[in-house]
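For reference, the chains in residue letters:
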Amino acid sequence: MPLELTPLADRKGPRLDDEVRFIRSWLEKPLAIGAVTPSGRMLARTMARYVEPNVSGQVIELGPGTGPVTEALVDHGIEPGRLVLVEFNPVFCQLLRSRYPAATVVQGDAYGLRRILAAFVRQPAAAVVSGLPLFTKPLRTRLRLLRDAFAVMRPSAPFVQFTYAVVPPIPKAVAGVRAEASERIWMNLPPARVWVYRKG
């Protein structure tokens, strides 16, 4: 059965079919999805605000799922043609290609970031925005992902990551990394915080 699509202007929050897709995927692979429902609008907007639309380069999103943060990035002024969406789930990839035909959708494991992006990133990226469930991975894997993200981005570009945890997904004391955090977003369910890491 073909996927039901809704024009961007008509999508103002998680739709019921997106919730169903997310829950089904979470039940099948809870550690790969990391959340039962898509990110809420306030969380998505907070993540998008850390990306500067006027800085040149592609914007790489890791684990976009059904696209709530993708939508927030577009609403924030990021042209869809600049987006590189790295998603493991093939059903979500099909959905993203339909909703954002100008974006580059890459099906693959984001934890092999440099390898899978080699053919798609043409210049240093303006930002990496991540919805990956980092706490399901060992710290060394999270640090490698951050190093790989820094390697494909402009100097001082942000690596934007959300978490439901009260502690940062990557420790603030990592050498050569600057970290900042948003206020806790109580309107999200569950409440979340956005962490931003920059090389420095």
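Provided above is the structure to which this section pertains.
Engineer: Where do I start with helix α5 (residues 90-99) in this structure?
Structural biologist: Helical periodicity: at 3.6 residues per turn, an α-helix aligns residues three or four positions apart in one direction. Residues of α5 that are buried include every one of Phe92, Cys93, Leu95, Leu96 and Arg99, and no others. All buried residues of α5 lie within an arc of 165° about the axis, which places them on one face of the element. Taking the backbone nitrogen of valine 91 as reference, a side-chain oxygen 2.8 Å away marks asparagine 89 as the first, capping residue of α5.

Engineer: When you look at the environment of lysine 137 in this model, what are you seeing that I'm missing?
Structural biologist: The residue lysine 137 is located in the loop between β4 (127-130) and α7 (139-152) in this model. Discounting residues that sit within four places of it in the chain, lysine 137 has contacts with Tyr111 and Arg142.

Engineer: Sorry, what's going on with the side chain of arginine 198 here?
Structural biologist: Tracing the sequence through the fold places arginine 198 in strand β7 (residues 193-199). With residues near it in sequence (within four places) discarded, arginine 198 still touches Phe150, Ser156, Ala157, Pro158, Gly176, Val177, Arg178 and Glu180.

Engineer: I keep staring at the nonpolar core and nothing clicks. Help me out?
Structural biologist: Buried together is how nonpolar side chains tend to be arranged in soluble globular proteins. The biggest cluster of nonpolar side chains holds 27 residues, and the ones touching the most others in it are Met47, Val59, Leu73, Leu83, Val129 and Val194. Elements represented by at least two residues in this core include exactly α3 (41-49), α4 (68-75), β2 (83-87), α5, β4, β5 (159-163) and β7. Excluding its chain neighbours within four sequence positions, the residues that come into contact with valine 194 are Leu43, Thr46, Met47, Tyr50, Val160, Gln161, Phe162, Glu180, Ala181, Ser182 and Ile185. Ala110, Val128, Ala149 and Met153 belong to the second-largest nonpolar core, a separate cluster that totals 26 residues.

Engineer: Would you mind going over unusual backbone geometry with me for this structure?
Structural biologist: The phi torsion of most residues other than glycine is negative, and most of the peptide bonds are trans. The linkage connecting leucine 189 with the following residue, proline 190, adopts the cis geometry, with an omega of -5°. Looking at where proline 190 falls in the secondary structure, it is placed in the loop between β6 (177-181) and β7. The phi dihedral of serine 156 falls on the positive side, at around 70°, and the residue is not glycine. Along the polypeptide, serine 156 turns up in the loop between α7 and β5.

Engineer: Help me understand the pattern of salt bridges in this model?
Structural biologist: Two side chains carrying opposite charge are able to pair once their charged atoms lie near each other. With the rule as written, the count across this model stands at 2 salt bridges. Arginine 114 is the partner of aspartate 148 in a salt bridge, and the nearest nitrogen-oxygen pair spans 3.1 Å. Taken together, the residues span a long stretch of sequence, with aspartate 148 in helix α7 and arginine 114 in helix α6 (residues 113-117) at a distance of 34 residues. A relative accessible area of 48% means that arginine 114 is categorised as partly exposed. Between arginine 198 and glutamate 180 there is a salt bridge; the shortest N-O distance is 3.9 Å.

Engineer: How do you make sense of the sheet that holds strand β1 (residues 59-62) when you look at a structure like this?
Structural biologist: Paired through their backbone hydrogen bonds, the strands of a sheet run either parallel or antiparallel. Reading across the sheet, the 7 strands line up as β3-β2-β1-β4-β5-β7-β6 and stay open at both edges, with mixed pairing between neighbours. With partners counted over all chains shown, the strands left at the sheet margins are β3 (104-107) and β6, one partner each. Averaged over all neighbouring strand pairs, the angle between strand axes comes to 20°, with direction disregarded. Sheet topology places β6 next to β7; 5 bridges connect them, and they run antiparallel. Looking at the pairing, arginine 178 lines up with arginine 198 of β7. Lying on the sheet, α5 is in contact with β2 and β3; it crosses β3 at an angle near 170°.

Engineer: Please explain a nonpolar patch on the surface as it appears in this structure.
Structural biologist: A cluster of nonpolar residues, Phe135, Val166 and Val167, forms a patch on the protein surface that exposes about 290 Å² of accessible area. Locating valine 166 in the fold gives a position in the loop between β5 and β6.

How each quantity is defined
- Residues numbered from 1 in each chain as written.
- Predicted model: local features only at pLDDT ≥ 70, side-chain atom pairs only at ≥ 80, totals over all residues.
- Heavy atoms only, no water.
- Buried < 20%, exposed > 50% of the residue type's maximum accessible area, 1.4 Å probe, protein only.
- Helix = DSSP H or I, 4+ residues; strand = E, 2+ residues; numbered from the N terminus.
- Arc of directions from axis to C-beta.
- Polar contact = N/O pair within 3.5 Å; in protein donor to acceptor, adjacent residues only side chain to side chain.
- Contact = heavy atoms within 4.5 Å.
- Core = buried A, V, L, I, M, F, W, Y, C linked by side-chain atoms within 4.5 Å.
- Salt bridge = Lys/Arg side-chain N within 4 Å of Asp/Glu carboxyl O.
- Pairing = 2+ DSSP bridges.
- Axes fitted to C-alpha atoms, helices over the stretch in contact; angles between N-to-C directions.
- Patch = residues over 30% accessible without salt bridge, like charges linked within 9 Å, V, L, I, M, F, W, Y side chains within 5 Å.
- Areas by Shrake-Rupley, 256 points an atom, 1.4 Å probe, with all protein chains shown as cover.

Distances and angles like these do not, on their own, reveal function.
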